[in-house]
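Chain and residue survey
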Amino acid sequence: MQGLISLVRVCAATLLLASAGTVFAMDWPAKPIRIVVGFPGGSNSDIIARELAEPLAQALGQPVIVDPRPGAGGNIGTQAVATAAPDGYTLLLATNGTQAINPNLYPNLPFDTEKDLAPISLVCDIPNILLVSKDLPASNLTEFLAYVRAHPGEVNYASSGNGGAMHLAGEQFKMMAKVEMTHVPYKGSPPAMTDLMAGRVQAIFQLLPAVIGRIGDGSFKVIGVTSKARIPQVSAVPTLSESGLPGFESTSWYALYAPAKTPPEVLDRLNREVARVMKAGLDKRLTALGVVPRTSSESELRTLLTRDMPYWRNVLKQTGTKID
């Protein structure tokens with residue numbers, strides 16, 4: 001009899017918790033939502049987050065605030081969300097760099113990107129674009145490779161930080177082109193671009209949204225994009241693959257995450273709203289930035305991360321990439 005009473009109490013408690021979760025989900029959102037990005041204001045992550053925040057706020061009926069938390073290759077922002085309350089009010093705009101590369105690059109991270117964060121939806125893919133200093137005597141890939149080979153190790157290429165998409169695009173380029181260049185990491189892409197335009201570094205594998213509005217203004221020279229096909233918004237810019245490095249490709253995915261244990265009803269609502277605002281015009285706004293819009297289910301994003309973890313582990317090993 002005592003066992004039956006205990007069983008009834010457990011069942012009642014379980015039903016009460018489930019009911020409370022459902023009520024919470026029905027009331028959500030009741031206050032502003034933050035999207036944390038692990039890179040500075042003006043970075044590619046910041047740009048994409050702000051493009052997403054405006055229509056998402058309209059869809060949810062609450063302000064959506066973008067909160068840059070730069071540092072450690074995006075790890076500071078990622079940790080802020082991984083340890084936040086799982087109530088749906090703190091989200092992360094993550095990248096394949098923060099989710100799949102950093103766990104293979106940084107030893108002893110205080111969080112697990114697969115266990116401590118819940119996937120919501122992909123948002124987009126972004127290609128890199130190889131830019132060089134306007135003072136460099138090279139205007140296309142052939143000339144750039146010739147210059148680098150004539151000055152082994154003397155060409156400095158900038159990135160937004162160790163292990164990020166910009167850094168690894170450069171390492172992949174070095175490996176495929178069989179050239180020597182020196183990596184110069186910065187705390188975010190804006191200061192890296194500043195030094196490129198000032199001639200303090202000679203090259204950068206920038207993510208396209210950060211510079212698409214400045215292409216052709218004379219601040220730098222454009223060598224090529226790292227996608228498989230040309231990008232319609234900059235259709236005159238060739239791919240590196242067609243310019244002399246067949247098969248070269250380097251793109252990054254961006255996705256929305258929440259802390260693990262966020263109520264599934266909240267995750268599902270966010271997934272639906274991301275898909276809805278994308279179809280309602282966000283896709284066109286992202287495309288204009290040189291971005292490839294791309295949504296997904298929660299399970300598809302989880303599978304993508306599971307696939308990418310060993311892939312980037314292998315890339316890091318082959319290129320010998322380490323934290324400087």
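Use the structure listed above.
1. Describing the environment of Asn44
- Mapped onto the fold, Asn44 is located in helix α2 (residues 44–60).
- On a C-alpha basis, the gap between Asn44 and Leu207 in space is 6.8 Å, while along the polypeptide they are 163 residues apart.
- Of the polar contacts made by the side chain of Asn44, one reaches the side chain of Gln206; its length is 3.3 Å.
- Polar contacts involving the side chain of Asn44 include one to the main-chain amide nitrogen of Ala210, which spans 3.1 Å.

2. What about unusual backbone geometry?
- Cis geometry marks the peptide bond from Trp28 to Pro29, where omega comes out at -5°.
- Even without being a glycine, Lys178 presents a positive backbone phi close to 55°.
- Position of Lys178 relative to the elements: it lies in the loop between α6 (165–177) and β6 (182–185).
- Look at Lys178 and you get exposed, because its relative accessible area is 72%.
- Positive phi, close to 75°, is recorded for Lys261, a residue that is not glycine.
- Mapping Lys261 onto the fold places it in the loop between β9 (251–259) and α9 (264–288).

3. As for the nonpolar core
- Among the nonpolar cores identified, the biggest contains 53 residues, and Leu93 and Leu286 are the most heavily contacted of them.
- In terms of residue count, α9 provides more of this core than any other element does, 8 residues in total.
- Not counting residues up to four positions away in its chain, the partners in contact with Leu286 are Ile48, Glu51, Val123, Cys124, Met278, Val291 and Pro293.
- If you look at the next biggest cluster of nonpolar residues, it comprises 23 residues, including Ala82, Leu117, Trp253 and Trp312.

About the thresholds
- What you see as residue numbers is a count from 1 along each chain, following the sequence as written.
- pLDDT decides what is reported in this predicted model: residues at 70 or higher carry local features, side-chain atom pairs at 80 or more are listed and counted, and totals for whole chains, interfaces and linings draw on all residues regardless.
- Heavy atoms throughout the structure, all of them, feed into the side-chain values; hydrogens and water do not.
- The numbering of helices and of strands both runs from the N terminus, where a helix is a DSSP run of H or I of at least 4 residues and a strand a run of E of at least 2.
- In the analysis that follows, any N or O atom pair within 3.5 Å is treated as a polar contact, provided that within protein one partner can donate a hydrogen and the other can accept it, and provided that, for residues neighboring in sequence, both atoms belong to side chains.
- Any residue under 20% of the maximum accessible area for its type is buried, any over 50% is exposed, and the rest in between are partly exposed; the area is computed with a 1.4 Å probe on protein chains only.
- Put simply, buried Ala, Val, Leu, Ile, Met, Phe, Trp, Tyr and Cys residues joined by side-chain atoms within 4.5 Å make one nonpolar core.
- By definition, residues are in contact when any of their heavy atoms lie within 4.5 Å.

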